[in-house]
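# What the coordinates show
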Amino acid sequence: MVKYTLKRLFYMVLTLFIIATITFFLMKLLPGSPLTNQERLSPEQQELILDKYGLNDPLPIQYVNYMTNLVQGDLGLSFQYDNRPVAQMIAERIGPSAELGFQAIVFGTIVGILLGVIAALKHNTIWDYTATTIAVLGISIPSFVFAGLLQYYFGVEWQWFPVASWEGFEYTILPTLSLSVFVIATVARYMRSELLEVLNSDYIMLARAKGVSAPVIMVKHALRNALIPIITLLGPLAVNIMTGSLVIERIFAIPGIGEQFVRSINTNDYTVIMGITLFYSVLFIAVVFIVDILYGIIDPRIRVSGGDRK
Amino acid sequence: MQKKKLSIFLVLMLMVSTILAACGGGSSDSNDSGQTSDNGGGENNVLNLTETQDIPSMDSALATDAVSFNTLNSVMEGLYRLGEDDKAVEGMADGEPQISEDGKTWTIKLRDANWSNGEPVTANDFVFAWRKALNPDTAAEYAYIMYDLKNAAAVNAGEMTPEELGVKAIDEKTLEIQLENPVPYFKELLTFATFYPQNEAYVTEQADQFGLEADTVLYNGPFTMTEWKHEDQFVLQKNPEYWDAENVQLETVNTKIVKDTQTDVNLYESGELDRVKLSAEFVDKYKEEEGFQTIKEASVFFLRLNQSSNDVLKNADARKAIAMGFDKTGITDSLLNNGSVPADYLVPAEFVQGPDGKDFRETAGSYLETDQAAAAEHWAKAKEALGQDAVELELLSYDDDVSKKITEYLKEQLETNLEGLTVNIKLQPFKQKLDLESSMNYEASLAGWGPDYPDPMTFIDMFVTDGAHNQSGYSNPQVDKLVQDAKTTLLTDEQARWDALVEAEKLMLEDAAFAPVYQRARAYLTKPAVEGVLYHKFGADYSLKWTSVTR
């Protein structure tokens, strides 16, 4: 296990290095400069400022400079937010995104599993069709439509919840709901099909034949096995959702990181693009690793390859 | 089995603890922000606004964007500040400047005024801030706005030391400014954020933290910033140290960062906002409501016509045909619908007045008005001269929704009115479009320009031969001469200078150097309780110093 973990860690660092390198050079292909006042400055004035930031150096030198700082843990300063440290920007913005994402994942998973279980148990009844319809709608309606509707009816018309902004738990409810729709739909669909498959398998029949009670079969045997694919799904989905959604953050005026990432690309804010990309990558790589470890715990049939079993 | 149960238990524990941790974070959030939202809503002299993005920095030397200018205008003050009709009124300066005979030396007395920490604002604060803005190490993107100061360009290029800049403190309360040339609008220029003072001791002490947080800046304006949650909201409170505090009525200004117009409108509807900026699709719904108003901006949009590489656009008849060949009201009344007006000009209406007190547009005429018959005639001549029956033209534009609609409309109009013309639309992201324009790698392009300073020159010198912003290869020696004179020999004769600028614009439009499209405006819906917001045509969009809210 130790050997396996070390090997995985090595590959994780290597992956990060490759991501950093590719992103750096791709990013430099973006047209324009990070100057916010670009259209007003004469070419000579632009050169002056780019010189000061070292952006006129040959690319390989810029790359080495960046990587040297990166290894020392320095993500640099933002261009768009004059002289603000990128690390601080990420730290400030990840909080709201992660909180929303976490709530959406927890709520969405619970509701999704419930829906999936109901659909599977009441297979081909009105319950099943209702759950399936909800799942299909959840996947196919874009989140901005759903968010817009929630905001209009619950916020403006009925005034049950705040319309937008970020000032406390009640402000998180509508965006959480909007975000969780996709989670509910995805989880419910997987849960339904997995559970149907498991329920038809031999070991469930055996348990029934042995006279094990229906609730025990369901919780101990069927659900546990049906959950395995959900975990594979949830890891990346959680990272995806907790790193912020451009649309939801715009509509509900949330000071999150998803919107910031898109804007940094639009404004050529090089250091911020690199910082957020690397941050996302670290999260993603870490989660994939954790999911792999979790597999073994939940299902003894799956053991990590290359592990030394003694 | 035992081991497995333990691991499941551990996983569960982990999940529960994360949930608890997340909930803990959430509730503490609501505690500190509860105070700010309590202050909002129905109180007198509390104003609730939104901006579409956060302030990049509170360092006035680095400001480049509208949000920074708007906020700095509330919390800082230069020698003068913009008042009614964009005229400079007293700020840190006590009375009118003493101007030397040749107009190149300005001596300004400072009033007794304090920074928000109680220290006096001195002449050295201006000297320090201006040297800092022009110091190449600062990399200030608006440094060029100060190039009228003596030696400023050389200092900014690193050829002279900042100490050689033409500004000095004669004593604690007297500032002497040396100019390269007399500048007719210099008093108004001094209201611009780059000219604000900064307290040297404080800035040095804060070092790289200066301007990053609400409590790492010193304020000398009508308000101070008391809270700044990045990307979320910021709060301004009346500044008790401000010299004119008795005339400031607002107690609190809450500004939230809201990027979506629909969200803005919803917040306004639910009573959390006092003013909302409307985009075209909302104007019809609200234009009959009390508090609806449109504010003309000094931004003019036009088609750049690349005359250096494109044979068709080298032909003056072809350019005239394009400039006259589309109906501008379709863009202003249907697509924009926010008070924007058709433009047959370059220097915007209601922007500057001449020595005779008349608006520039009243003195200057109207040219290149839409005239389909004349356009068709010019087009026929152009095609004959080119020996072509079918002409293709690429039209470059921004990739946002509004520009996209305008570009499609232009294509339809031009193709209908100019026989044999095919317009190919090319939409590009902002930065890419700028690159294509500055490398002149385009044929025609929808572009906009707003003023840097309150003078027609900020528009007119754009099109001098090889000017940095000409970007179309247009060249007319007569225009160059007029602009050169207006910048040098005519500076002391205001009327002659004004006539030269009027003439230069006329020549450019007669050449159809570009095709004017519209002058932009913004539509606002403001709660009737709000009074006395001043709107400006350059620098900050508005001033809140004289604003009051009576609910």
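Note that the structure is a prediction, hence the values are computed from the model and not measured.

## Topic: the overall build of chain B
The helix and strand inventory of chain B stands at 18 helices and 21 strands. For 551 residues, the compact-globule formula gives about 24 Å, and the C-alpha radius of gyration of chain B, at 27 Å, lands near that figure. For chain B, buried positions account for 47% of its 551 residues. The contacts in chain B between residues at least 6 apart in sequence include a share of 67% that link residues at least 24 apart.

## Overview of the overall build of chain A
For chain A, the count of helices and strands is twelve helices and zero strands. Going from the N terminus to the C terminus, chain A shows its helices and strands as α-α-α-α-α-α-α-α-α-α-α-α. Once the C-alpha set of chain A is aligned to its principal axes, its extents read approximately 85 × 65 × 30 Å. For chain A, the proportion of its 310 residues judged to be buried stands at 35%. Within chain A, contacts between residues separated by at least 24 positions form 71% of all contacts whose residues are at least 6 apart in sequence.

## Focus: helix 5 (residues 126-140) of chain A
Residues and elements named next belong to chain A. For helix 5, with 15 residues, the first-to-last C-alpha span of 21 Å sits near the 21 Å given by 1.5 Å per residue. Of the positions making up helix 5, those classed as buried are A131, A135 and G138. End-on, the buried residues of helix 5 take up no more than an arc of 65 degrees, which puts them together on one face. With respect to the buried face of helix 5, the exposed residues turned more than 90 degrees away are I126, Y129, T133, L137 and S140. Each element contacted by the buried residues of helix 5 is listed here: helix 4 (86-121) and helix 7 (169-199).

## Looking at unusual backbone geometry
Residues and elements named next belong to chain B. A positive phi angle, close to 60 degrees, is found at D86, a residue other than glycine. Structurally, the position occupied by D86 is in the loop between strand 2 (80-82) and strand 3 (88-90). Classification of D86 by C-beta neighbours within 10 Å gives buried; the count is 20. Unusually for a residue other than glycine, M440 sits at a positive phi of about 55 degrees. Along the chain, the position of M440 falls in the loop between helix 15 (430-438) and strand 16 (444-449). Exposure remark for M440: the 18 C-beta atoms within 10 Å place this residue in the partly exposed category.

## Overview of the pairing of strand 14 (residues 391-398) of chain B
Strand residues, when the strand is regular, have side chains that alternate between the two faces of the sheet. Residue and element names in this part refer to chain B. Bridging between strand 14 and strand 15 (residues 421-428) involves eight bridges; their strand directions are parallel. Each bridged residue has a counterpart across the sheet, and for V391 the counterpart in strand 15 is L421. Crossover strand 14 to strand 15 through helix 14 (residues 401-417) is right-handed. Here strand 14 pairs with strand 16 via two bridges, running parallel. What sits directly across from L395, in strand 16, is A444.

## Section: the domain arrangement of chain B
Residue and element names in this part refer to chain B. When cut into domains, chain B gives domain 1 (77-204), domain 2 (212-295) and domain 3 (298-524). Each of domain 2 and domain 3 has a C-alpha centre, and these two points are 34 Å apart. Counting residues at the interface gives eight residues for domain 2, matched by nine residues for domain 3. Within the residue set of the side of domain 2 that touches domain 3, elements represented by two or more residues are strand 11 (275-278), helix 8 (280-286) and strand 12 (292-305).

## Quick look at the interface of chain B and chain A
The interface of chain B with chain A comprises 50 residues on the first partner and 48 residues on the second. Where the side of chain B that touches chain A is concerned, the elements lending two or more residues are helix 1 (2-39), strand 10 (252-257), helix 7 (261-269) and helix 15 of chain B. The leading source of residues in the side of chain B that touches chain A is helix 1 of chain B, at eleven residues. Per-class residue counts for the side of chain B that touches chain A are 16 nonpolar, 17 polar and 17 charged.

## Regarding the confidence of the model for chain A
The predicted structure's coordinates, where accompanied by low pLDDT, should not be read in detail. Residue and element names in this part refer to chain A. Confidence along chain A averages 88 in pLDDT terms, with 96% of residues attaining 70 or more. Of all helices and strands in chain A, the one with the weakest mean pLDDT is helix 9 (residues 214-242) (84), whereas helix 3 (residues 59-71) scores best (94). Across residues 306-310, confidence stays below pLDDT 50; counting only partners more than four residues off in sequence or on other chains, it has six contacts.

## Overview of the packing of helix 6 (residues 143-157) of chain A against helix 7 of chain A
Axes are the key here: two packed helices are described by the angle between their axes and the distance separating the axes. Residue and element names in this part refer to chain A. It is the contact of helix 6 with helix 7, at a shortest axis distance of 9 Å, that shows an interaxial angle of 150 degrees. With respect to their mutual orientation, helix 6 and helix 7 come out roughly antiparallel. Seen from above, helix 6 lies across helix 7 with right-handed handedness. Residue-level inspection shows S143, F146, A147, L150, Q151, F154 and G155 of helix 6 in contact with helix 7, the latter providing L174, L177, S178, V181 and F182. Among the residues making up the contact of helix 6 with helix 7, the classes are represented as eight nonpolar, four polar and no charged.

## Notes on the sheet that holds strand 1 (residues 46-51) of chain B
Residue and element names in this part refer to chain B. One open sheet accounts for four strands, arranged 1-10-9-8; its pairing is mixed. Across the chains shown, the open sheet's two edge strands, defined by having one partner strand only, are strand 1 and strand 8 (223-229). In this sheet, neighbouring strand axes are inclined to one another by 20 degrees on average, regardless of whether the strands run parallel or antiparallel. Against the sheet, helix 2 (residues 66-75) contacts strand 1, strand 8, strand 9 (233-238) and strand 10, and its axis sits at roughly 135 degrees relative to strand 8.

## Looking at the UniProt feature "domain: Solute-binding protein family" (unreviewed entry) in chain B
As annotated in UniProt, the feature "domain: Solute-binding protein family" (unreviewed entry) corresponds to residues 89-468 of chain B in the numbering used here. Each end of residues 89-468 of chain B is marked by a C-alpha atom, and these two atoms are 33 Å apart; helix forms 30% of the span and strand 21%.

## Let's talk about the nonpolar core
One finds W130, A133, L134, M146, L149 and V167 of chain B to be the most contacted residues of the largest nonpolar core, which totals 76 residues. When residues of this core are assigned to domains, at least three fall in each of domain 1 (77-204) and domain 2 (212-295) of chain B. Once residues within four sequence positions are removed from consideration, V167 of chain B is found in contact with F126, V127, W130, L149, L175, I177 and Q178 of chain B. Ranked by size, the runner-up nonpolar core spans 65 residues in total, among them V181, A188 and A238 of chain A together with V265 of chain B.

## Notes on the sheet that holds strand 4 (residues 98-99) of chain B
Residue and element names in this part refer to chain B. In spatial order, the strands read 4-5-7-6; together these four strands make up an open sheet with antiparallel pairing. Each of the sheet's edge strands pairs with one partner strand only, and the pair in question is strand 4 and strand 6 (167-171). Pairing between strand 5 (residues 105-109) and strand 7 (residues 174-178): five bridges, direction antiparallel. Bridge assignment links W106 to a residue of strand 7, and that residue is I177.

## With respect to the UniProt feature "domain: ABC transmembrane type-1" (unreviewed entry) in chain A
Those places that UniProt annotates as "domain: ABC transmembrane type-1" (unreviewed entry) correspond, in this numbering, to residues 94-295 of chain A. With 84% helix and 0% strand, the stretch residues 94-295 of chain A has end C-alpha atoms that lie 28 Å from each other.

## Description of the UniProt feature "transmembrane region" (unreviewed entry) in chain A
Residue and element names in this part refer to chain A. The UniProt entry lists residues 9-27, 100-121, 133-153, 173-191, 227-252 and 272-295 under the feature "transmembrane region" (unreviewed entry), expressed in the numbering used here. The straight-line gap between the two end C-alpha atoms of residues 100-121 is 31 Å; of that span, 100% is helix and 0% is strand. As annotated, residues 133-153 has a helix share of 90% and a strand share of 0%, and its two end C-alpha atoms lie 22 Å apart.

Cut-offs applied
- Residues numbered from 1 in each chain as written.
- Chains lettered and ligands numbered in written order.
- Predicted model: local features only at pLDDT ≥ 70, side-chain atom pairs only at ≥ 80, totals over all residues.
- Helix = DSSP H or I, 4+ residues; strand = E, 2+ residues; numbered from the N terminus.
- Rg over C-alpha atoms; globule rule 2.2 N^0.38 Å.
- Buried ≥ 20, exposed ≤ 12 C-beta atoms within 10 Å, placed from the backbone.
- Contact = placed C-beta atoms within 7 Å.
- Expected span 1.5 Å × (residues − 1).
- Arc of directions from axis to C-beta.
- Pairing = 2+ DSSP bridges.
- Right-handed = clockwise from strand over helix to strand, strands pointing away.
- Domains from an automatic or database assignment.
- Nonpolar A, V, L, I, M, F, W, Y, C, P; charged D, E, K, R; others polar.
- pLDDT = per-residue confidence, 0-100.
- Axes fitted to C-alpha atoms, helices over the stretch in contact; angles between N-to-C directions.
- Parallel < 35°, antiparallel > 145°, perpendicular 65-115°, else oblique.
- Left-handed = near helix turned anticlockwise from the far one by under 90°.
- UniProt positions renumbered as here; feature names shortened; annotations may be inferred.
- Core = buried A, V, L, I, M, F, W, Y, C linked by C-beta atoms within 7 Å.

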